[in-house]
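Topology and contacts: notes
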Amino acid sequence: MTSQDPRALSPELRTETLAKLASMPAGELDMIIIGAGITGAGVALDAVTRGLKVAIIEKEDIAFGTSRWSSKLAHGGLRYLAKMELGIAHSSAVERGILLEETAPHLVHSIAQVVPLNDAATTIQQGASRVGFIGGDLLRMAAGTSGGILPHSHYQSVSKTLEMCPGVSRDGLKGSWVFYDGQMIDDARVVTCAIRTAAEKGCLVLTHAACSDVTGTSVTVTDQLGGKSFTLSAKSVVSATGVWAGHIDNEIKLRPARGTHLVIDAAKMGNPTGQLTVPLPGSISRYLFAIPEQLGRIYLGLTDEETRGEIVDVPPTPEEDIDFLLKNFNSALEVKLTRDDVIGAFTGYRPLIDSGEGGSTSDLSRRHAIIEASNGLISIVGGKFTEYRLMAEETVDEVIKRRNLSAGPCITRTTPFIGAPKHSASAGVSKADLDKLPASLVARFGHEAPNVVASCPVERPLEQVAGMDITRAEFAYAVTHEGAMTVDDILDRRTRVGLVKKDRDAALPTAQEMIDTLVK
């Protein structure tokens, strides 16, 4: 595979990009973006589609940080409505609709959130859920999202409740309230697809390269794989580094909150098709949930605890978080989960802005802010995954204004990602083409799925990896098209096999084969 394919973030393209950036004349770039999470990906796509010359540089890998530790939901703002943060609630609903209908319908779809009416929740909690869901319906309508994609909330019978969530407790069960929200096939896949779409439009992408000596117009880039360092300058530098923003601009103050999810075998809860959602005991605004996911798994979450001390690259999962989730969720289950049922876990940090008002991190606003340092560095901090596009639009607007750059209008509301039905490369892909392929592959790649198989340079492309619902072609594509340079990139970001240790161990030889064969 060569870099001539505009959809391919290949090892060859990385080598070319590294050499190009190292020799680039001072000031040729309009913007350098530090950090390839969802925020950095959004800024890159917005800037490059306005005609700016852009490079995005990441110390580790695409979606290495917080962006891969979310609940994999494209929230419609329901929680913020309850807190009377009406602006965030509305913008979340609008951005969710854009993902579902325009930019990434192949990666984001509707999911039924099922709140059981049983003895696990009080009458007040059940009533609050219904009122909240009606508010969510109004938000969806105000945002203009089709009811065909996100149906109205409604009551559901006992039999339908058990059909969607077989593991729910039968004690006092009288049915359920059902509300529809957005679910990503995977958060890291959304980030990867956004980055690749930006690259297709002309953005230079360099991963495994650290930035130091950062100012408003330059950075020192060090290739983590080869060791070479060089100075790169631009008319503007944007930090999209999330919870690590304060490491680059020490005037930025954040209060990171720790969010933990458990990974459970879906069979343990009867292979649900809906998201079982239960109020946290004693609360009418916080919920725990079990979400059906790819590879026969369930993600059970979510904690919300303030994190003090060092912010590490891969947060460990505290035992108290596991105990908290099992204890409080088991009241909603017919057959209780035990510690032995936890086959994996993941923990991430939310980059919450420190308002200086104290209180619980669960009460802090999810607003974002654009901050300029004394040296001219511009940072985008705070916010939430679903609002990444809006955050990017506002950030690029500010950079253009403050640096007097010449650029076109924002067009990302209607810029489809690679693999989306409206993307230009999808025009020749028919339903019959997709029906020939494994459904799981199509779910992860949309209309790009045929190219995953057709371009595969290794033998037995459709053979499953270690008996899992993922193919050798997908492992190869991670390297030839998605920028993976290491085994960890394949197992922990491009696929989520690595969330379960036994699965990771089983898939490791195939991942190593792809690196040995395809990374030159």
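Residues numbered from 1 in each chain as written. Predicted model: local features only at pLDDT ≥ 70, side-chain atom pairs only at ≥ 80, totals over all residues. Heavy atoms only, no water.

Per an unreviewed UniProt entry, the protein is named Glycerol-3-phosphate dehydrogenase 1, and its organism is Lawsonella clevelandensis. What UniProt states about the protein under its Sequence similarities (unreviewed entry) heading is, verbatim, "Belongs to the FAD-dependent glycerol-3-phosphate dehydrogenase family." Note on the protein: under the UniProt heading Cofactor (unreviewed entry), the record states "FAD". (UniProt positions renumbered as here; feature names shortened; annotations may be inferred.)

Strand order across the open sheet formed by three strands is 8-9-10, with antiparallel pairing between neighbours. At either margin of the open sheet sits one strand with a lone partner, and together these are strand 8 (209-212) and strand 10 (229-233). Averaged over all pairs of adjacent strands, the angle between strand axes in this sheet comes to 30°, irrespective of strand direction. Its contacts with the sheet put helix 1 (residues 11-22) on strand 9 (218-223) and strand 10, and the angle it makes with strand 10 is roughly 70°. (Pairing = 2+ DSSP bridges. Helix = DSSP H or I, 4+ residues; strand = E, 2+ residues; numbered from the N terminus. Axes fitted to C-alpha atoms, helices over the stretch in contact; angles between N-to-C directions. Contact = heavy atoms within 4.5 Å.)

Turning to the packing of aromatic side chains, a few remarks are in order. The geometry of two aromatic rings is summed up by the distance between their centres and the angle between their planes. Evaluated as defined, the whole model comprises five aromatic pairs. When the ring of Phe-445 is compared with that of Tyr-477, the centres are 5.7 Å apart and the planes differ by 85°; the resulting orientation is edge-to-face. Placement of Phe-445 in helix 12 (residues 439-445) and of Tyr-477 in helix 14 (residues 472-480) is noted, with a sequence separation of 32 residues between them. We classify Tyr-477 as buried; its relative accessible area is 1%. (Phe/Tyr/Trp six-rings, centres within 6.5 Å; stacked < 30°, edge-to-face > 60°. Buried < 20%, exposed > 50% of the residue type's maximum accessible area, 1.4 Å probe, protein only.)

This brings us to the UniProt feature "domain: Alpha-glycerophosphate oxidase C-terminal" (unreviewed entry) in the protein. As annotated in UniProt, the feature "domain: Alpha-glycerophosphate oxidase C-terminal" (unreviewed entry) corresponds to residues 410-513 in the numbering used here. Split by type, residues 410-513 is 46% helix and 0% strand. Its first and last C-alpha atoms lie 42 Å apart.

Another aspect to go through is the domain arrangement of the protein. Domains assigned within the protein are domain 1 (11-67 + 188-253 + 364-414), domain 2 (95-185 + 257-350) and domain 3 (428-519). Here the C-alpha centroids of domain 1 and domain 3 sit 27 Å apart. Per-residue buried area on domain 1 facing domain 3 is highest for Pro-11, Arg-189 and Arg-196; these three make up 49% of the total on that side. The interface formed by domain 1 and domain 3 holds four salt bridges in total. Across the salt bridge formed by Asp-61 and Arg-493, the nearest N and O atoms sit 2.9 Å from each other. If you look at where domain 1 meets domain 3, you find eight residue pairs in polar contact (both at pLDDT 80 or more). Secondary-structure elements contributing two or more residues to the side of domain 1 that touches domain 3 are helix 1 and helix 7 (187-200). Take the side of domain 1 that touches domain 3: its biggest share by element is four residues, from helix 7. (Domains from an automatic or database assignment. Buried area = accessible area lost by both parts, 1.4 Å probe. Salt bridge = Lys/Arg side-chain N within 4 Å of Asp/Glu carboxyl O. Polar contact = N/O pair within 3.5 Å; in protein donor to acceptor, adjacent residues only side chain to side chain.)

This part is about the sheet that holds strand 19 (residues 378-382). Strands belonging to one sheet form pairs held by backbone hydrogen bonds; the direction of such a pair is parallel or antiparallel. The six strands lie next to each other as 7-2-1-11-19-18, forming an open sheet whose pairing is mixed. Edge strands, defined here as strands with exactly one partner in the open sheet, are strand 7 (204-206) and strand 18 (368-372). Across the sheet, the mean angle from the axis of one strand to that of its neighbour is 20°, orientation sign disregarded. Of the strand pairs in this sheet, strand 18 and strand 19 are connected by five bridges, and their pairing is antiparallel. Within the sheet, the bridge partner assigned to Ile-370 lies in strand 19 and is Ile-380. On top of the sheet, helix 10 (residues 388-403) reaches strand 1 (31-34), strand 11 (237-239), strand 18 and strand 19; it is set at about 20° to strand 18, its chief contact.

Turning our attention to the side chain of Arg-189. Along the chain, the position of Arg-189 falls in helix 7. Since its relative accessible area comes to 6%, Arg-189 is described here as buried.

Right, let's talk about helix 10 for a bit. When the terminal C-alpha atoms of helix 10 are compared, their 22 Å separation across 16 residues agrees well with the 22 Å that a helix rising 1.5 Å per residue should span. Of the surrounding elements, those touching the buried residues of helix 10 are strand 1, helix 2 (38-49), helix 4 (86-103), strand 11, strand 18 and strand 19. A positive backbone phi angle near 55° is found at Asn-404, which sits one or two residues after helix 10. (Expected span 1.5 Å × (residues − 1).)

Looking now at the environment of Met-485. Topologically, Met-485 is positioned in the loop between helix 14 and helix 15 (487-494). On the accessibility criterion, Met-485 (12% relative accessible area) is buried. Measuring from C-alpha to C-alpha, the distance between Met-485 and Asn-250 comes to 31 Å, with 235 residues separating the pair along the chain. With sequence-adjacent residues up to four places away left out, Met-485 is seen in contact with Pro-11, Arg-14, His-208, Leu-225, Ile-515 and Val-519.

Once that is clear, we can look at the pairing of strand 19. Among the five residues of strand 19, five are classified as buried, and the element is accordingly described as predominantly covered. Looking at chain direction, strand 11 and strand 19 are connected through two bridges and run parallel. Along strand 19, the bridge assignment pairs Ser-239 with Ser-379. Linking strand 18 back to strand 19 in an antiparallel pair, the connection comprises five residues, with Gly-376 at a positive phi of about 95°.

This brings us to helix 1. The first and last C-alpha atoms of helix 1 sit 17 Å apart over twelve residues, in line with the 16 Å expected at 1.5 Å per residue. Those residues of helix 1 that fall on the buried side of the exposure criterion are Pro-11, Arg-14, Thr-17, Leu-18 and Leu-21. Looking straight down helix 1, one finds its buried side chains confined to an arc of 115°; they lie on one side. The inward-facing, buried residues of helix 1 abut strand 2 (54-57), strand 7, strand 9, strand 10, helix 14 and helix 16 (501-518). (Arc of directions from axis to C-beta.)

This next bit is on the environment of Asp-488. Position of Asp-488 relative to the elements: it lies in helix 15. Separated by 236 residues in the primary sequence, Asp-488 and Ile-252 have C-alpha atoms spaced 31 Å apart. If sequence neighbours within four positions are ignored, Asp-488 has contacts with Arg-493 and Arg-504.

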